[in-house]
Amino acid sequence: MKVVPAVVLLVAALGAALAQEPPPPPSEDAVARALDLLHDGRFDEAEAVLGPPAGATDDVRTSFFRAFTTYWRLLYDDDDDRLQAEFERRLDITIAAGERRLDAGDDDPDVALWTGSARLLLAQLRAAQKKPFAAAFEAKRSKRLLDLAANGPGATADEDFGLGTYQYYADRVPAIVKGLRFLLNIPGGDRDRGLARLERAAAESRHFGLEARILLATIYSNRYEEMFDAAVREADLALAEHPDRIAVLHAAAVIDLSLGRVSLALDRLDRALARAARHPGTAPAVVATLRYHAARAELARYRPDLALDRLRPLVEHPETVPGALADSVRRIAGRARILSADPPPWVTGLRGLGPIDVRDPAEIARLRRAAESLRAAREALALEASGHDGGAVAALAELADGREAPDGALALLTARALLREDRAEEAHDWALRAIGSPDLPHLWERPAWLLAGLSSDRLGHRDDALRWYRKVTDGGHSFPGRDAAILYQGRTWPGPSAGDVP
C-alpha cells in the first residue's frame, strides 16, 4: 500500500475547503453593470455579471439582485408561470437570508433595505396572482423593514423607491383592498408623499434611479392620474439621462403612442430595435414587444403593409412572443391583414386573425374599400413619412376629389395631412367630410373625431373642440392618440409638447 505524504493530504484538504467557500459578492461596479444590462433587456448577461448563486451563503444584496433579474424578465412576460415560480424562489432566498441576519441582531441598514425590497416585490407578485390577503401581509412587513432602513444611520434614496411605491399604491388601491388594509392594521398610503419619495429616488438612488423615473412616467399616464404632460416630462428626463437604454426608449414610445405622437414613437422603437440587433443577447421577449409596438405605430400611420412587415417574424416564430402578448399580436396582425388590399402570401393563409368580431356585411364592405384607399394612398403616405407634407396633401386631396363616391378613408388622411401643415380650416372641413362619409369604417370614427377636435382647437373654437374630445373618450375602443383627447381637455392644442398629429 502506497503511503501518501501528510503534506499532500493537507494541500488537498485546503483545496477542498477553498473550493467550498462562496465566491465574493459582486462589487458595486458589477451591480451597476448588471443593472445597465437589465435596462437593455440582456437578462442572461446580467445574471452572468452577478455570478453563480451560492445558495444560503449568498449575502442579502446579491440574492436580491439575482431576484431582480427575474423581476425584469417578468416585466416582459408576466404570464409565464415558470418565471413567476423562479421569481418567488429567489425572493424567498433573499428574505430568508435577511431575516437570519436581522434575528441575529444585525443592525446594518442595507440588510433591512434588501429584505424589505424583496418583500415589496413579493407583495407585487401576490397582487398579480390575485391573492390580496397575502399581498397586503407582505406589503405591511415590507414597509416596516424599509422604514427601519430609512431611519437608520447611512440611509440612502434607495429606500425612497420602495417606500414611495408603497405609499403611492396604498393610496390608490381599490376599496376592497383598503378594507383589507383596515382589517390587517396595515399603514395607509399617501399619494403626494409617495410621488415625492419617487422623485427623490429618481434623482439620487444608487440603484433604482431609472426604475423610479420610469415608474413615475407610468404613474402619470395611468387611469388614476392622466397627467400626460408630467408623464412626457419624466420620459424626457429618463431619455436625457439614458438616451440609448432599450427600457427607456420602450417606455417613452408607449407614452408617445398613447398621445398619437406616432413618428416620434416609431423613431424611438427603431432605435431600440437597432440596439437590440447589435446585441444578440437581448431577450426575444424584449425584441417581440418592441416589434409589436412598432406594428401598432405603422397602423397608426395607416400603413398596414409596413405593420405586417414588422409582425412577420412574430407570426412565423410564435415561440419568441411572450404569452401575455400573443393575443395582441394576433389581433393586430388580423387588423393589418384586413386593411391590406394585397396582403403578402405569408399572411393570407393565417387563421384566427381578426381585428374585431366583424359580422355586419356593410362594415366588411367599408373595410375593403378602406383597404383599397390605403393602397392608393401609399405613395402620398410615404411622402408624409419622409417630411414632404405639402406633397402628401396635394396627392391625397387629388385622390379624394377624384373618387365618384365619398371616400371616408381618404378624407381622413387628407384632414390629418392638412393639420400637419397647420392648415386647420381646411383640415376641419375634411375631417367633417370623413365623419359624414358612409364609407368610413367604425374603426376610424374616433380618430376622425379627434382630428375634428384638434382642428377646432386650432381655430379657436374651444367649445366645439371639447365636444369632440369628450366624444372620443366616451367609451369605445382605444387607439393610438386616444389619450391626446384627455390631454387637450385640460389645455388647448397644440401646446408645448404636442408632437405630431395623431
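Fair warning: this is a prediction, and the values are worked out from it, not measured in the lab.

About the cut-offs
- Every chain is numbered on its own, with residues counted from 1 as its sequence reads.
- For this predicted model, a pLDDT threshold of at least 70 governs which residues receive local features, and a threshold of 80 or more governs which side-chain atom pairs are given and counted, while totals over whole chains, interfaces and linings are taken from all residues.
- Side-chain descriptors were evaluated using all non-hydrogen atoms of the structure, hydrogens and water having been removed beforehand.
- Working definition: helices are DSSP H or I runs of at least four residues, strands are E runs of at least two. Numbering for both runs from the N terminus.
- Here the term buried applies to any residue with accessible area under 20% of the maximum for its type, exposed to any over 50%, and partly exposed to those in between, with areas from a 1.4 Å probe on protein chains only.
- For this analysis, residues touch if any pair of their heavy atoms sits within 4.5 Å.
- Per-residue accessibility takes into account occlusion by the displayed protein chains alone, with areas from the Shrake-Rupley method and a 1.4 Å probe.
- Multiply 1.5 Å by the residue count of a helix minus one, and that product is the helix's expected span.
- N or O atoms closer than or at 3.5 Å make up a polar contact, with two conditions inside protein: a donor-capable atom paired with an acceptor-capable one, and, for residues adjacent in sequence, both atoms drawn from side chains.
- Just to be clear on terms, a salt bridge is a Lys or Arg side-chain nitrogen sitting within 4 Å of an Asp or Glu carboxyl oxygen.
- Residues enter a nonpolar core if they are buried and are Ala, Val, Leu, Ile, Met, Phe, Trp, Tyr or Cys, with the set joined through side-chain atoms within 4.5 Å.
- The pLDDT value expresses, per residue, how confident the predictor is, ranging between 0 and 100.
- Two rings belonging to Phe, Tyr or Trp (six-membered ring only in the last case) form a pair when the distance between their centres is within 6.5 Å. Interplanar angles under 30 degrees mark stacking, angles over 60 mark edge-to-face geometry, and anything in between is tilted.
- In this scheme, the term charge over a ring applies when either NZ of a lysine or CZ of an arginine sits within 6 Å of the ring centre and within 35 degrees of the ring normal.

Right, let's talk about the overall build of the chain for a bit. Secondary structure assignment for the chain yields 26 helices and 0 strands. The buried share among the 502 residues of the chain stands at 51%. Considering only residue pairs separated by 6 or more positions, the chain has 63% of its internal contacts joining residues 24 or more positions apart. For the chain, the exposed area adds up to about 22600 Å²; of that, 55% sits on carbon and sulfur atoms.

With that out of the way, let us pick up helix 5 (residues 81-103). The end-to-end C-alpha distance of helix 5 is 32 Å, a good match for the 33 Å that 23 residues give at a rise of 1.5 Å each. What helix 5 keeps buried is the set L83, Q84, F87, R90, L91, T94, I95, A97, G98 and E99. Buried residues belonging to helix 5 abut helix 3 (43-50), helix 4 (60-76), helix 6 (109-128) and helix 7 (132-150). With a side-chain oxygen positioned 2.9 Å from the backbone nitrogen of R82, the residue opening helix 5 is D80. Of the residues one or two after helix 5, G105 is the one with positive phi, at around 90°.

A few words on unusual backbone geometry. Cis geometry marks the peptide bond from W493 to P494; its omega dihedral reads 10°. Within the fold, P494 resides in the segment after helix 26 (482-490). Phi at D422 takes a positive value of approximately 65°, unusual for a residue other than glycine.

On to the pattern of salt bridges. The full count for this structure, using the stated rule, is 55 salt bridges. Across the pair R119 and E138 runs a salt bridge, and its minimum N-O distance is 2.8 Å. Highlighted residues: R119 in helix 6 and E138 in helix 7, separated in sequence by 19 residues. Classification of E138 as buried rests on a relative accessible area of 10%. Linked through salt bridges whose partners overlap, the residues forming this network are D44, E47, R73, E86, R89 and R90.

All right, on to the nonpolar core then. For soluble globular proteins, the rule of thumb is that nonpolar side chains tend to be buried together. Formed by 142 residues in total, the largest nonpolar core has its most connected members in F65, F68, W444 and Y469. The element that contributes the greatest number of residues to this core is helix 15 (residues 284-300), accounting for 10 residues. Ignoring sequence-local partners within four residues, the contact set of F68 consists of L35, L38, L121, F208 and E211.

Mean pLDDT over the chain stands at 88; residues scoring 70 or higher make up 87%. Every residue in residues 8-19 scores below 50 in pLDDT, and together they form 1 contact with partners more than four places removed in sequence or on other chains. Across residues 178-184, where pLDDT falls below 50, the model places 15 contacts with residues more than four positions away in sequence or in other chains.

Judged by how many residues are buried, helix 26 sits mostly within the fold: 7 of 9 residues are covered. Considered for burial, the residues of helix 26 that qualify are R482, D483, A484, A485, I486, L487 and Y488. On its buried side, helix 26 packs onto helix 12 (228-241), helix 13 (246-258), helix 24 (445-458) and helix 25 (462-473).

Enumeration according to the criterion identifies 16 aromatic pairs in this entry. In this structure an aromatic cluster arises from ring pairing among F64, F65, F68, Y71, F87, W114, F161 and F208. Between R467 and the ring centre of W468, over which it is positioned, the NZ or CZ distance is 4.9 Å.

Glancing now at the side chain of H250. Among the structural elements, H250 can be located in helix 13. With sequence-adjacent residues up to four places away left out, H250 is seen in contact with Y76, T289, L290 and H293.

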